[in-house]
Number of protein chains: 2
Amino acid sequence: MHIEINRGSGRPLPLQISDTLSQRISSGLLQPGEQLPSVRKMAEMLEVCQVTVSKAYADLERRGWLIRRQGLGCFAAAPGSGAGPKPLADRQGTTGSHAAGKRGASEEQPAAAAYAGKHATRFASGRTEPEWQKDYEDYLPRAQLWRNFNFSEAEYSFHLAAIDSGMLPLKEIGAAMTSLVAKRPELMSAYGNFQGDPSLREAVRRHLRTRGIVLPQEGLLITSGTQQGIDLVARTFVGPGDTVYLEAPSYTGAIDVFAGRGADMIGVPVDKDGMRVDLLTKLCDRRPPKLIYTVPTFQNPCGATMSLERRQRLLELARSYGCLIVEDDPFSDLHFGSPPPPSIKSLDTEGHVVYMKSFSKVLAPGCRVAGVAAEGDILERLTAAKAASDLGSPLLIQLAVLPFIADRYEAYMKGLRSALKSRMARAAALLKRHAPKGVRWNIPGGGLNFWLELPDYIDTGELYSRAIREGISFLPGNVCYSGEPPAHHIRICYAQMDEAKMEQGLLKLLLLLAEAAGDFKAGEGAK
Amino acid sequence: MHIEINRGSGRPLPLQISDTLSQRISSGLLQPGEQLPSVRKMAEMLEVCQVTVSKAYADLERRGWLIRRQGLGCFAAAPGSGAGPKPLADRQGTTGSHAAGKRGASEEQPAAAAYAGKHATRFASGRTEPEWQKDYEDYLPRAQLWRNFNFSEAEYSFHLAAIDSGMLPLKEIGAAMTSLVAKRPELMSAYGNFQGDPSLREAVRRHLRTRGIVLPQEGLLITSGTQQGIDLVARTFVGPGDTVYLEAPSYTGAIDVFAGRGADMIGVPVDKDGMRVDLLTKLCDRRPPKLIYTVPTFQNPCGATMSLERRQRLLELARSYGCLIVEDDPFSDLHFGSPPPPSIKSLDTEGHVVYMKSFSKVLAPGCRVAGVAAEGDILERLTAAKAASDLGSPLLIQLAVLPFIADRYEAYMKGLRSALKSRMARAAALLKRHAPKGVRWNIPGGGLNFWLELPDYIDTGELYSRAIREGISFLPGNVCYSGEPPAHHIRICYAQMDEAKMEQGLLKLLLLLAEAAGDFKAGEGAK
């Protein structure tokens, strides 16, 4: 375990330490029941004084992440509420029971130990886990993506922002793949160009031109999905203590990646016109940005769209600070009304914006293909980083999605928008009819998610556990924040399942919500 | 540009700085002709005193990486020799001329500017490169992989350790892919498990058991090739100043990755029995290892195989220091005589070895599939890192290679070994007959490469330029070292092309070598 200390950040050291530790516990990287280093040892490791560590541990204890046991030391714990979800793997006998039994999770806290759970990746053999590994330092402060997205077992899946495979053009892409395998089998053997296949880059470039993004001939990199694009930018341009601004809430996969680089992330509030660029401007006065990450259109998770004026001001800000903006754009083609404002990239003339467009998300998510638009040195360095990451994405798959992007994308997208809009409306109708009082949401203008704000009296951690038991997954809102999060939101994707199943699942989830509300009222009545 | 300063490493700071800068220049990340920050500015950036930077610049100047221009400042330069290759893109009119004209590469040093060259990824549009990007700090100290492996233009390719597509089972894998597309199109839409498809993991686990590696049910991670495996280990367990031991020479892609993490790499010499574990043991006394990276079998690039005794001692060392060994094993199945000693992983009972086995390399390199064997916390953390990297490798491709690995691998491998052995023998015969005096090599006992030591009087940089002009690529040996390298080796792969082409290309290359020797002798005669 490596804890990044940013002395220039202005945030008190004890809080930096306690934040990192609570992130590790809530990600499942540190398990409840696991012993923490002594105050003295931790102080030595971090080269801080013992008082600082004592304060950090006191803060963790106050927040419920740490339990002191007389004469034994300090142990990681899971707070009773707001702590995030139990992983789904808890439902599976083997891994759950194994996890509960490991590392001396005490009988006094079986709930906490079960909470940690640790997924299907648990070391589940006859071997015992090697003791030395506990002391082996890692640089992985947070892993919410791993913890929250890898659920194949849920009967009703709302946790991923993904499109039901029945709506995707898998037949066309499959046909292209079959034809390539027959005609150009050497594609399976060639490493290809690190930057991506030139013909696919050209097709993507032409496509982006229709969206107002004019790129030079070579101004594109193909990545294995947008997640890899974000990761490449972070590993190349973000280092320990660098200031990264992003919306609060934001995409949890981006937060994981920036945390992994030791960045100092600062969340900027979002209103109906997107990120509060006015607040960002003031924040930048005190702490100049190294990078700004944004999902300006149908924001993930909350759905807001940044106004054109704010886009312009954001770009202006990047110009004046000489920094990069990462514009992550999974959803702009999925609008239900008039098209959203032009992308920030389309306004960019000086290479400040790295624009990321996932094609696999709307065509075939398992294919992992995204276009990353950047210029000059920025692009070159990203290409070099891509080479070191994986020597380039599989050529066959790149070329299998090409014809669809080149020829059929617009017609397909028109149909997809209309299908998604009707499905979204179905979900909205169910929400309106059945959501208990106090649950609030906006009707999304596009994209795949509803962002529900729950009343304070509903414990999302508890709700999550109940939902998982019923085979229903959603994304707990707390993982969408880089710091200590508010715990009263959940994100649900209305498009991940077919319509009938989505309706069934949503009704079940709303029933759980109503129960939680009922429990509360019953409790109120009893007082 | 970020320069990692490791104050505890014992290596003088000026040399740390000059090493990093020369690595950046030789990787093409800093171009000859490009201005370096002033001594004062660099000292401020690095928080070192100006004398340190002055010494670093003097060292660079002495080694030919820096030119001082009166009243203008210091500029990156390319040493006359031993500087590594010109990139192949120089041969293409557009990018070459563009690169030569950019950033005021002065007329006084056209060779240096042409040398920098900068590939097909050059910002080649009408836009000029944004000035602010020059000052935007990156964390990419080295990119030799990017610089040396992305050559699709060479007529005669010897630079990649790859197998001629005519020898690969593309038909079988293609058939599996076609069948999957027809029967399970949903594979194109599913994200799948971050750790890799369970059925592929099981097939790989069974396969590894036949090699003496016994893994628990879940003890495997599927990655997009071994490159990604190395990268995941580095990002998870290696941080600034951590000591990484590796063979000298070693795989350049691994060096890139560890350099990117700010590791302090220490090269351990290799003899005919592999890494000198006796020397490593002494080195560890002074600087305990965080991680040891090794290619123990038919080592890349030099071909040596580590003896069983050294494997045992290496593992013992990892146990006593509580550290990881990364065992990269691309070649153990490609033996021409009796099988090599058992893998280090097969001797490991405490999870010290992360074992990497590339399947795509021997089946279908473009498919990017490797198995990474690890246990316990180490495996979990790698899986979490994999999620943050790319949300998992494409499912369809994982399942397309599965049947071959499960059912046909051994029979195929038997044939492949014999075909490779005969091709290797052809190359060896040509070398023996035509290599000029003073060129030395060992006949490889397996694997895909010859590691040629050239006589001192042959300038490998110059040879490389000539070879590229003739359409011949090879890997210059200097990129296989983490520090300032010896410059008199080249690696050639005998298996990348079909036999006839390999023979033609090798003859041409040997002719160039003979010419270089002849030039030398003529020069000697004239003296």
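On a predicted model such as this, the values are computed, not experimentally measured, just so you know. (Residues numbered from 1 in each chain as written. Chains lettered and ligands numbered in written order. Predicted model: local features only at pLDDT ≥ 70, side-chain atom pairs only at ≥ 80, totals over all residues. Heavy atoms only, no water.)

## Brief notes about the overall build of chain A
If you tally the helices and strands in chain A, you get 18 helices and 15 strands. Long-range contacts, defined here as pairs at least 24 residues apart, represent 75% of the contacts in chain A between residues at least 6 apart. Of the roughly 18300 Å² of accessible surface on chain A, 52% is carried by carbon and sulfur atoms. (Helix = DSSP H or I, 4+ residues; strand = E, 2+ residues; numbered from the N terminus. Contact = heavy atoms within 4.5 Å. Areas by Shrake-Rupley, 256 points an atom, 1.4 Å probe, with all protein chains shown as cover.)

## Description of the sheet that holds strand 12 (residues 449-453) of chain B
Residues and elements named next belong to chain B. Here 3 strands make up an open sheet; going across it, the order is 12-15-14 and the pairing antiparallel. Among the strands making up the open sheet, the edge pair consists of strand 12 and strand 14 (475-476). Strand direction decides the pairing type here: strand 12 and strand 15 (residues 489-493), joined by 5 bridges, are antiparallel. Its bridge partner being in strand 15, Asn449 is matched across the sheet by Cys493. (Pairing = 2+ DSSP bridges.)

## Regarding the interface of chain A and chain B
Chain A puts 97 residues into the contact, and the matching count from chain B is 97 residues. Regarding the contact of chain A and chain B, the summed buried area is about 8300 Å², with carbon and sulfur atoms giving 58% of it. Taken together, chain A and chain B are joined by 6 salt bridges. Here Arg235(B) ties to Asp231(A) by a salt bridge, and the two come within 2.6 Å at their closest N and O atoms. (Buried area = accessible area lost by both parts, 1.4 Å probe. Salt bridge = Lys/Arg side-chain N within 4 Å of Asp/Glu carboxyl O.)

## What about the sheet that holds strand 15 (residues 489-493) of chain A?
Spatial ordering of the open sheet is given by 12-15-14 (chain A), a layout of 3 strands whose pairing is antiparallel. Two strands lie at the open edges of the sheet, namely strand 12 (449-453) and strand 14 (475-476) of chain A, each paired on one side alone.

## Structural notes on the pairing of strand 11 (residues 370-373) of chain B
Residue and element names in this part refer to chain B. Burial along strand 11 is two-sided: the face carrying Ala370 and Val372 and the face carrying Gly371 and Ala373 are both buried. Strand direction decides the pairing type here: strand 4 (residues 220-223) and strand 11, joined by 4 bridges, are antiparallel. Along strand 11, the bridge assignment pairs Thr223 with Ala370. Where strand 10 (residues 353-358) and strand 11 come together, 4 bridges link them in antiparallel fashion. Within strand 11, the residue paired with Ser358 across the bridge is Ala370. (Buried < 20%, exposed > 50% of the residue type's maximum accessible area, 1.4 Å probe, protein only.)

## Re the nonpolar core
Ranked by size, the top nonpolar core spans 292 residues in total, and within it Phe258(A) and Phe258(B) carry the most contacts. Those residues in contact with Phe258(B) that lie beyond four places of it in its chain are Ile230(B), Ala234(B), Val238(B), Val244(B), Ala263(B), Met265(B), Leu291(B) and Tyr293(B). (Core = buried A, V, L, I, M, F, W, Y, C linked by side-chain atoms within 4.5 Å.)

## Some remarks on the UniProt feature "domain: HTH gntR-type" (unreviewed entry) in chain A
Mapped onto this structure's residue numbering, the UniProt feature "domain: HTH gntR-type" (unreviewed entry) falls at residues 11-79 of chain A. Secondary structure content for residues 11-79 of chain A is 52% helix and 12% strand, while the C-alpha to C-alpha distance between its ends is 23 Å. (UniProt positions renumbered as here; feature names shortened; annotations may be inferred.)

## Quick notes on the pairing of strand 2 (residues 73-76) of chain A
Walk down a regular strand and you will see the side chains alternate between the two sheet faces. All names here are of chain A. Examined bridge by bridge, strand 1 (residues 66-69) and strand 2 share 4 bridges and lie antiparallel to one another. Residue Leu66 lies in a different strand from strand 2, and its bridge partner there is Ala76. Between strand 1 and the antiparallel strand that follows it, strand 2, lie 3 residues; Gly71 among them carries a positive phi value of about 75°.

## Here we look at the relation of the copies chain A and chain B
For these two chains of identical sequence, chain A goes onto chain B by a turn of 180° and a shift of 0.0 Å along the axis, with RMSD 0.0 Å. A rotation of that kind, with that shift, is consistent with a two-fold axis. Considering only C-alpha atoms, the part of chain A nearest the rotation axis is Thr178(A), at 2.6 Å. Take the interface residues of chain A: 100% of them recur as interface residues in chain B, which is what a same-surface contact looks like. (Least-squares fit on C-alpha atoms with pLDDT ≥ 70 in both.)

## Re the packing of aromatic side chains
Scanning all chains against the criterion turns up 14 aromatic pairs over all chains. Seen from their ring centres, Trp132(A) and Tyr136(A) are 5.4 Å apart, and the 75° between their planes marks the pair as edge-to-face. The same class applies to Trp132(A) as to Tyr136(A), namely buried. Residues Phe359(A) and Tyr409(A) carry aromatic rings whose centres are separated by 6.0 Å and whose planes lie at 75° to one another, so their mutual orientation is edge-to-face. Taken together, the residues Phe359(A) in the loop between strand 10 (353-358) and helix 14 (360-363) and Tyr409(A) in helix 16 (residues 395-434) connect sequence positions 50 residues apart. Members of the aromatic cluster, each reached through a chain of ring pairs, are Trp132(A), Tyr136(A) and Phe237(B). The ring of Phe75(B) has Arg69(B) sitting right over it, with the charged end atom 5.1 Å from the ring centre. (Phe/Tyr/Trp six-rings, centres within 6.5 Å; stacked < 30°, edge-to-face > 60°. Lys NZ or Arg CZ within 6 Å of the ring centre and 35° of its normal.)

## Topic: the packing of helix 8 (residues 198-209) of chain B against helix 16 (residues 395-434) of chain B
Residues and elements named next belong to chain B. One can describe the packing of helix 8 onto helix 16 by two numbers: an axis separation of 9 Å at closest approach and a directional angle of 25°. Here helix 8 is positioned roughly parallel relative to helix 16, judged by the angle of their axes. You can see that helix 8 and helix 16 cross each other, and the crossing is left-handed. In contact with Ser199, Leu200, Ala203 and His207 of helix 8, helix 16 contributes Gln398, Leu399, Val401, Leu402, Ile405, Ala406, Tyr409 and Glu410. (Axes fitted to C-alpha atoms, helices over the stretch in contact; angles between N-to-C directions. Parallel < 35°, antiparallel > 145°, perpendicular 65-115°, else oblique. Left-handed = near helix turned anticlockwise from the far one by under 90°.)

## Focus on unusual backbone geometry
In this structure, the amide linkage connecting Ala248(A) to the following residue, Pro249(A), adopts the cis form with an omega of 10°. Of note, the phi angle at Phe298(B) is positive, near 50°, even though the residue is not glycine. Among the secondary structure elements, Phe298(B) is positioned in the loop between strand 8 (291-294) and helix 12 (308-321). With a relative accessible area of 6%, Phe298(B) lands in the buried category. You will see that Arg368(B), though not glycine, has its phi angle at about 55°, which is positive.

## Notes on the domain arrangement of chain A
Residue and element names in this part refer to chain A. Taken domain by domain, chain A consists of domain 1 (7-141), domain 2 (156-167 + 411-526) and domain 3 (170-409). Every contact between the two is made by 4 residues of domain 1 and, on the other side, 4 residues of domain 3. When the two sides are added together, the surface that domain 1 and domain 3 hide from each other amounts to roughly 260 Å², 53% of it contributed by carbon and sulfur. Taken as a group, Ser9, Tyr139 and Pro141 account for 84% of the area that domain 1 buries against domain 3, more than any other trio of residues on that side. (Domains from an automatic or database assignment.)

## As for the pattern of salt bridges
Two side chains of opposite charge can pair, provided their charged atoms sit close to one another. Under the defined criterion, the tally for this structure stands at 75 salt bridges over all chains. For the salt bridge of Asp390(A) with Lys386(A), the shortest nitrogen-to-oxygen distance reads 3.0 Å. Placement of both Asp390(A) and Lys386(A) in helix 15 (residues 376-390) is noted, with a separation of 4 residues, approximately one turn of the helix. The exposure class of Asp390(A) is buried, given its relative accessible area of 1%. The partner of Arg426(B) in a salt bridge is Glu503(B), and the shortest N-O contact between them spans 2.4 Å. On the criterion of sequence distance, the pair formed by Arg426(B) in helix 16 and Glu503(B) in helix 18 (residues 499-526) is long-range, its members being 77 residues apart. Since its relative accessible area comes to 17%, Glu503(B) is described here as buried. The network of salt bridges with common partners includes Arg11(A), Asp19(A), Asp59(A), Arg62(A) and Arg63(A).

## Some points on the packing of helix 15 of chain A against helix 9 (residues 225-237) of chain B
Packing of helix 15 of chain A against helix 9 of chain B brings their axes to within 5 Å, and their N-to-C directions diverge by 100°. Compared by their axis directions, helix 15 of chain A and helix 9 of chain B come out roughly perpendicular. For the pair helix 15 of chain A and helix 9 of chain B, contact is made by Ala387(A), Ala388(A), Ser389(A) and Asp390(A) and by Gln227(B), Gln228(B) and Asp231(B), respectively. Its residues assigned to classes, the contact of helix 15 of chain A with helix 9 of chain B comprises 2 nonpolar, 3 polar and 2 charged. (Nonpolar A, V, L, I, M, F, W, Y, C, P; charged D, E, K, R; others polar.)

## Points about helix 2 (residues 39-46) of chain B
Residue and element names in this part refer to chain B. Regarding helix 2, the residues found buried are Met42, Ala43 and Leu46. Burial along helix 2 is one-sided: seen end-on, the buried residues are contained in an arc of 100°. Turned more than 90 degrees off the buried face of helix 2, the exposed positions are Arg40 and Glu44. Where helix 2 terminates, the next one or two residues include Glu47, which has phi positive at roughly 55°. (Arc of directions from axis to C-beta.)

## Topic: the environment of Glu34(B)
As for its placement among the helices and strands, Glu34(B) is situated in the loop between helix 1 (13-26) and helix 2. When the C-alpha positions of Glu34(B) and Gln312(B) are compared, they lie 49 Å apart, and in sequence the two are 278 residues distant.

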